[in-house]
Amino acid sequence: SQSIMSNIDIVAWFVYLLASVMFVIGLHFMNSPKTARKGNRISAEGMVLAVVMAFVHLFVVGFISSTAVIVLVAGILVGGFAGVYSAKKVKMTDMPQLVSVFNTVGGGAAALVALNDILASSSTPGSVVLVTAGLGVLIGSVTFTGSLVAAGKLQGVIPGKPISLPLKNLWSLLCVLLAVASFVMLIIQPERRLLWSLLTALLALIYGLLFVFPIGGADMPVVISVLNACTGTAVAMSGLAIDNVALIIAGALVGAAGVTLSVLMAKAMNRPLSSVLLGGFGDTGTAGDAEGPEGTMKETTADDVAVQLAYAERVIFTPGFGLAQAQAQRELADLGELLKAKGIEVL
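Residues numbered from 1 in each chain as written. Predicted model: local features only at pLDDT ≥ 70, side-chain atom pairs only at ≥ 80, totals over all residues. Heavy atoms only, no water.

### Section: the overall build of the protein chain
1) Next: For the protein chain, the count of helices and strands is 14 helices and 2 strands.
2) Next: The long-range share in the protein chain, meaning contacts at least 24 apart out of those at least 6 apart in sequence, stands at 71%.
3) Next: Accessible area for the protein chain stands at about 20,600 Å²; split by element, carbon and sulfur atoms hold 69% of it. (Helix = DSSP H or I, 4+ residues; strand = E, 2+ residues; numbered from the N terminus. Contact = heavy atoms within 4.5 Å. Areas by Shrake-Rupley, 256 points an atom, 1.4 Å probe, with all protein chains shown as cover.)

Structure representation (structure tokens):
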């Protein structure tokens, strides 16, 4: 009855809100390595709660068939198995490309949800739906191909060096203008939404390739962070289109966190944020590639370092990705214990 459907809508809204609060709490706990595992667990539990509520809501309102249930369960099983297998088998040094692959899936899913919301309705969608869903298609499609190329570069499947494309700036600008124009036409001519939405997605997919291909592998972490922010934004837009508070809040959290991380990484790499967002970094003509590293380099040997450590009063280790790549954590721990045995303070 109408009363039951109204009640389930209210319950679903509050459950989605609770799941969103769990996302926020989980993100807060991830501020520290000591509580990061707990934060990850709380966020995962919030996502499970949201998925279960989505199933319940679909069953009660009658928007789901037996075929849809089979497809959904099969998708969850396949995706869940792939996620667990990847998390357990992938090396920690390969996590950046795994994150990029997950980001590919997230961007593609957001684009498909938004595209479905545009095309599934028999009646013409309203302007709000067309704008939000259209942005979800646009941003999600860019993220899909961009993250895929980024993962390929990090994995070595695609050459890590910047791939110079003839007239890349011109093609990129043309692709952006055409994608925006197609998006505008989607809003102006909703009766032809199939044509304009698919054209917007196609142009955005092409721009994702043009955006990442010219960037060197060393800059891929910054690219992944930017694309991660785009995924969050696409998810939030899709949530607005289907009126799902969990997607809206979760997408906004991911978008905000991705932008913050991009700013911090750009600052650490001494790059302006504008160059990161516009893709104007990693070119072969930058100072880092053409002129080499700046500053004064003091050459040393292992024997010199050993002498300095022997006479030091305090030693601070700052492990980074290079240490993980070399898998020298055990050796570093042994060195720390050796220094402590000699009365040297190790931090």
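The rest of the description comes next.
### A short note on the pattern of salt bridges
1) Next: With the rule as written, the count across this model stands at 3 salt bridges.
2) Next: Among the salt bridges present, the one from Arg-41 reaches Glu-45, with a minimum N-O distance of 3.9 Å. Of this pair, Arg-41 and Glu-45 both sit in helix α2 (residues 33–61), 4 residues apart, which is roughly one turn of the helix.
3) Next: Of the charged contacts, one joins Asp-334 and Arg-330 as a salt bridge, the two residues approaching to 3.1 Å between their closest N and O atoms. Of this pair, Asp-334 and Arg-330 both sit in helix α14 (residues 329–341), 4 residues apart, which is roughly one turn of the helix.
4) Next: Judged by relative accessible area, which is 41%, Asp-334 ranks as partly exposed.
5) Next: Residue classification places Arg-330 among the exposed positions, given a relative accessible area of 53%. (Salt bridge = Lys/Arg side-chain N within 4 Å of Asp/Glu carboxyl O. Buried < 20%, exposed > 50% of the residue type's maximum accessible area, 1.4 Å probe, protein only.)

### Some points on the packing of aromatic side chains
1) Next: Here the structure, examined in full by the defined rule, presents 3 aromatic pairs.
2) Next: With centroids separated by 6.1 Å and ring planes inclined at 20 degrees, the aromatic side chains of Phe-81 and Tyr-85 adopt a geometry described as stacked. You can see Phe-81 and its partner Tyr-85 sitting in helix α3 (residues 66–89), 4 residues apart, about one turn around the helix.
3) Next: Note on Tyr-207 and Phe-211: the rings are 6.1 Å apart at their centroids and 20 degrees apart in plane angle, and the pair reads as stacked. Here Phe-211 and Tyr-207 lie together in helix α7 (residues 193–212), a separation of 4 residues that amounts to about one turn.
4) Next: By relative accessible area, Phe-211 is classed as buried at 8%. (Phe/Tyr/Trp six-rings, centres within 6.5 Å; stacked < 30°, edge-to-face > 60°.)

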